[in-house]
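Remarks on the overall topology
Listed below, chain by chain, are the residues.
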Amino acid sequence: MGAPRAIALCQCFNGALEYQAGHWDEAEVALNESIRLYRGLRAASGEALAWQRLGVLQTARGQVETAMRSFEEGIAVAERAVMRAHCQTRLYASMTRNRLIAGDLQAANRYLSLGLEMSERHGNCATCDALLLPAAISLRIAQGELQHAEQFCWQLEQAAGEYASSMWIAMARQSRGELLAAQNRTEEALESYEEAYRYYRAAGHNYEAARCLSALADLHEIRHAFQDDPRAVEFRRQAQALFEQLGVVSP
């Protein structure tokens with residue numbers, strides 16, 4: 001039909017699906033095409049969300065500074081978007097994760113505060129919360145604020161129970177595992193990460209599945225009980241194989 005707005009939307013969704021499936025080169029091509037089409041249409045909401053998804057992909061690839069430039073482009077575009085608060089909440093959530101990976105907790109905290117402020121402005125949104133809550137949990141753990149992390153974790157688990165989707169359950173179990181590990185509750189953390197891994201694999205999300213395997217390897221090394229060493233080696237090997245498939249150099 002040659003309808004550019006429909007093509008732009010399809011390319012944005014295609015990029016998101018290719019990212020989840022681990023076809024990252026195809027995802028990048030699709031998202032850049034979506035950005036180009038949305039920009040030509042002056043459709044700011046669509047362009048901002050495509051920038052956000054591109055930045056998430058670049059962050060996963062370890063291109064954290066390139067990703068920040070993509071996020072900043074998205075923030076600038078979102079200023080004139082009809083769905084400004086939604087777009088900026090998702091962008092700030094992704095920027096929080098990016099800066100956390102970069103080790104800049106001060107910047108991560110600033111972006112999380114902006115994301116929470118935007119989230120309050122437009123009310124509860126499942127898609128925004130799916131990005132914002134896991135990032136908030138990880139940041140509060142990194143800051144040593146485990147009680148605050150618990151509050152966000154409870155919110156995420158409540159939402160996962162409400163929506164009952166594999167991805168929501170996977171995210172909730174992964175975040176709970178992260179918090180349990182920080183609380184030195186190793187046995188429970190192992191159970192949470194194992195469950196998250198199964199859900200991510202079932203959903204075909206190999207990047208997050210690999211991150212769960214890495215966490216499991218770390219936990220077995222920490223516990224250091226009978227058979228933990230070979231289990232840690234095997235989990236690390238499986239994680240590395242998945243990361244190599246995705247082209248991730250330094251997860």
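Residues numbered from 1 in each chain as written. Predicted model: local features only at pLDDT ≥ 70, side-chain atom pairs only at ≥ 80, totals over all residues. Heavy atoms only, no water.

**Topic: helix α8 (residues 146–163)**
Here α8 contains 18 residues, and its C-alpha end-to-end distance of 25 Å stays within 8% of the 26 Å for a straight helix at 1.5 Å per residue. Among all positions in α8, only A149, F152, C153, L156, A159 and A160 are buried. An end-on view of α8 places all buried positions within 125° of arc, on one side of the element. Exposed and facing more than 90 degrees away from the buried side of α8 are Q147, Q151, G161 and E162. Elements that come into contact with the buried residues of α8 comprise α6 (105–122), α7 (126–142) and α9 (166–182). (Helix = DSSP H or I, 4+ residues; strand = E, 2+ residues; numbered from the N terminus. Expected span 1.5 Å × (residues − 1). Buried < 20%, exposed > 50% of the residue type's maximum accessible area, 1.4 Å probe, protein only. Arc of directions from axis to C-beta. Contact = heavy atoms within 4.5 Å.)

**Quick notes on the packing of helix α1 (residues 4–21) against helix α3 (residues 44–60)**
Look at α1 against α3: their axes get within 10 Å of each other, and the N-to-C directions meet at 20°. On the basis of the axis angle, α1 is roughly parallel to α3. When you trace α1 past α3, the crossing you get is left-handed. Here C12, F13, A16 and Y19 of α1 lie close against α3, whose contacting residues are A50, R53, V56, L57 and A60. Split into classes, the residues belonging to the contact of α1 with α3 amount to 8 nonpolar, no polar and 1 charged. (Axes fitted to C-alpha atoms, helices over the stretch in contact; angles between N-to-C directions. Parallel < 35°, antiparallel > 145°, perpendicular 65-115°, else oblique. Left-handed = near helix turned anticlockwise from the far one by under 90°. Nonpolar A, V, L, I, M, F, W, Y, C, P; charged D, E, K, R; others polar.)

**Let's talk about the pattern of salt bridges**
For the structure shown, the criterion picks out 18 salt bridges. With a closest N to O distance of 2.9 Å, E188 and R185 form a salt bridge. Between R237 and E234 there is a salt bridge, with its nearest N and O atoms 2.6 Å apart. Here the residue R237 and the residue E234 both occupy positions in helix α12 (residues 228–246), the gap between them amounting to 3 residues, near one helical turn. Looking at E234, the relative accessible area reads 31%, which means it is partly exposed. Linked through salt bridges whose partners overlap, the residues forming this network are E150, E157, R173, R176 and E195. (Salt bridge = Lys/Arg side-chain N within 4 Å of Asp/Glu carboxyl O.)

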